[in-house]
Amino acid sequence: MRFSLIPFLLLVVPLAEIAAFVVIGGQIGVWATLGMVLLTAIIGSFLLRWQGVGLFNRINTELRANRVPGRELVHGVMILVAGVLLLTPGFVTDSLGFLLFIPALRDLVWRSVKDRIVVQTMSSGFSSTTRRPGASEGVVDLDEDEFSRNPDPSSPWSEQTDRLSRPGKPDSNSSNGL
């Protein structure tokens, strides 16, 4: 049977947090210990915002250059996990959270997992099999004989289409008194 890490961590991490609270609280006092936990949560929220905005800008740069931002997305997940760890009260989770804010450590994690991650992309837009020479992407270039307007007389919008297509013709449905 395969050993699962999550139940083990759910048992070990709270025990380690309690032990750290007891040891640190015995050394510096209860109020200083609680103040440190509150201070690390505040610092963590600022770090999360600061590195998150920078990461968003890097992801945007990669997308504008038509590259898949795989590294940046993994960094984003690690920054999110770091923020959650820092907002969780405790010294063990705060230590792990602060470690994940170090870009060199995130790069080390990225290098170890990048071969196991598959990024699939979908392209949007129109695909054309035949194009006229000189026509740019997304432009439909028709000659005059290829285009015709045939409004449907039974359509409720046909009257508006006629009215809009012939500027200068007065609207027969409009009232001048309003």
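The rules behind the values
Residues numbered from 1 in each chain as written. Predicted model: local features only at pLDDT ≥ 70, side-chain atom pairs only at ≥ 80, totals over all residues. Heavy atoms only, no water. Patch = residues over 30% accessible without salt bridge, like charges linked within 9 Å, V, L, I, M, F, W, Y side chains within 5 Å. Areas by Shrake-Rupley, 256 points an atom, 1.4 Å probe, with all protein chains shown as cover. Salt bridge = Lys/Arg side-chain N within 4 Å of Asp/Glu carboxyl O. Helix = DSSP H or I, 4+ residues; strand = E, 2+ residues; numbered from the N terminus. Buried < 20%, exposed > 50% of the residue type's maximum accessible area, 1.4 Å probe, protein only. Contact = heavy atoms within 4.5 Å. Axes fitted to C-alpha atoms, helices over the stretch in contact; angles between N-to-C directions. Parallel < 35°, antiparallel > 145°, perpendicular 65-115°, else oblique. Left-handed = near helix turned anticlockwise from the far one by under 90°. Expected span 1.5 Å × (residues − 1). Core = buried A, V, L, I, M, F, W, Y, C linked by side-chain atoms within 4.5 Å. pLDDT = per-residue confidence, 0-100.

**Some words on a nonpolar patch on the surface**
No. 1: Side chains of L5, F8, L9, L11, V12, L15, I18 and V22 sit close together on the surface and give an oily, nonpolar patch of about 750 Å² of accessible area.
No. 2: Within the secondary structure, L11 is located in helix α1 (residues 5–28).
No. 3: Using a relative accessible area of 53% as the deciding quantity, one classes L11 as exposed.

**Quick look at the pattern of salt bridges**
No. 1: Counting across every chain of the model gives three salt bridges.
No. 2: Of the charged contacts in the structure, one is a salt bridge between R71 and E72, with a shortest N-O distance of 3.5 Å.
No. 3: The exposure class assigned to R71 is partly exposed, which follows from its relative accessible area of 29%.
No. 4: In this structure, R71 engages D107 in a salt bridge whose closest nitrogen and oxygen atoms are separated by 2.9 Å. Highlighted residues: R71 in helix α3 (residues 70–87) and D107 in helix α5 (residues 103–113), separated in sequence by 36 residues.

**Considering the side chain of E72**
No. 1: For E72, the location among the structural elements is in helix α3.
No. 2: Overall, E72 belongs to the buried group, its relative accessible area being 8%.
No. 3: Other than its neighbours up to four places away in sequence, E72 contacts L55, R58, I59 and E62.

**Looking at the packing of α3 against α5**
No. 1: It is at 10 Å that the axes of α3 and α5 come closest, and there the two elements cross at 120 degrees. If you check the angle between α3 and α5, you find them oblique. As α3 packs across α5, the resulting crossing turns out to be right-handed. Each of G70, R71, V74, H75, M78 and I79 in α3 lies in contact with α5, whose residues at this interface are P103, R106, D107, V109 and W110.

**Things to note about helix α4 (residues 91–100)**
No. 1: Restricting attention to buried positions, one finds in α4 the residues F91, T93, D94, G97 and L100.
No. 2: Tucked into the core, α4 has its buried residues touching α1, α2 (30–64), α3 and α5.

**Focus on unusual backbone geometry**
No. 1: The phi torsion at N66 lies on the positive side, around 60 degrees, for a residue other than glycine.
No. 2: In this structure, N66 sits in the loop between α2 and α3.

**Focus: α3**
In an α-helix there are 3.6 residues to a turn, and that puts residues three or four apart on one side.
No. 1: For α3, which comprises 18 residues, the first-to-last C-alpha distance of 26 Å matches the rise-based estimate of 26 Å (1.5 Å per residue) to within 8%.
No. 2: Contact partners of the buried residues in α3: α2, α4 and α5.

**Let's talk about the nonpolar core**
No. 1: By size, the foremost hydrophobic cluster in this structure holds 11 residues: L55, I59, V74, M78, I79, A82, L85, L86, L100, F101 and W110.
No. 2: Counting only elements with at least two residues in this core, the list comes to α2 and α3.
No. 3: The element contributing the most residues to this core is α3, with six residues.
No. 4: Setting aside chain neighbours within four positions, we find L85 in contact with T93, D94, L96, G97 and L100.

**Examining the confidence of the model for the protein chain**
No. 1: Mean pLDDT for the protein chain: 78, with 75% of residues reaching 70 or above.
No. 2: Within the protein chain, α4 carries the highest mean pLDDT (90), whereas helix α6 (residues 158–165) carries the lowest (54).
No. 3: With pLDDT under 50 throughout, residues 127–132 is counted as low confidence; its partners more than four residues away or in other chains account for five contacts.

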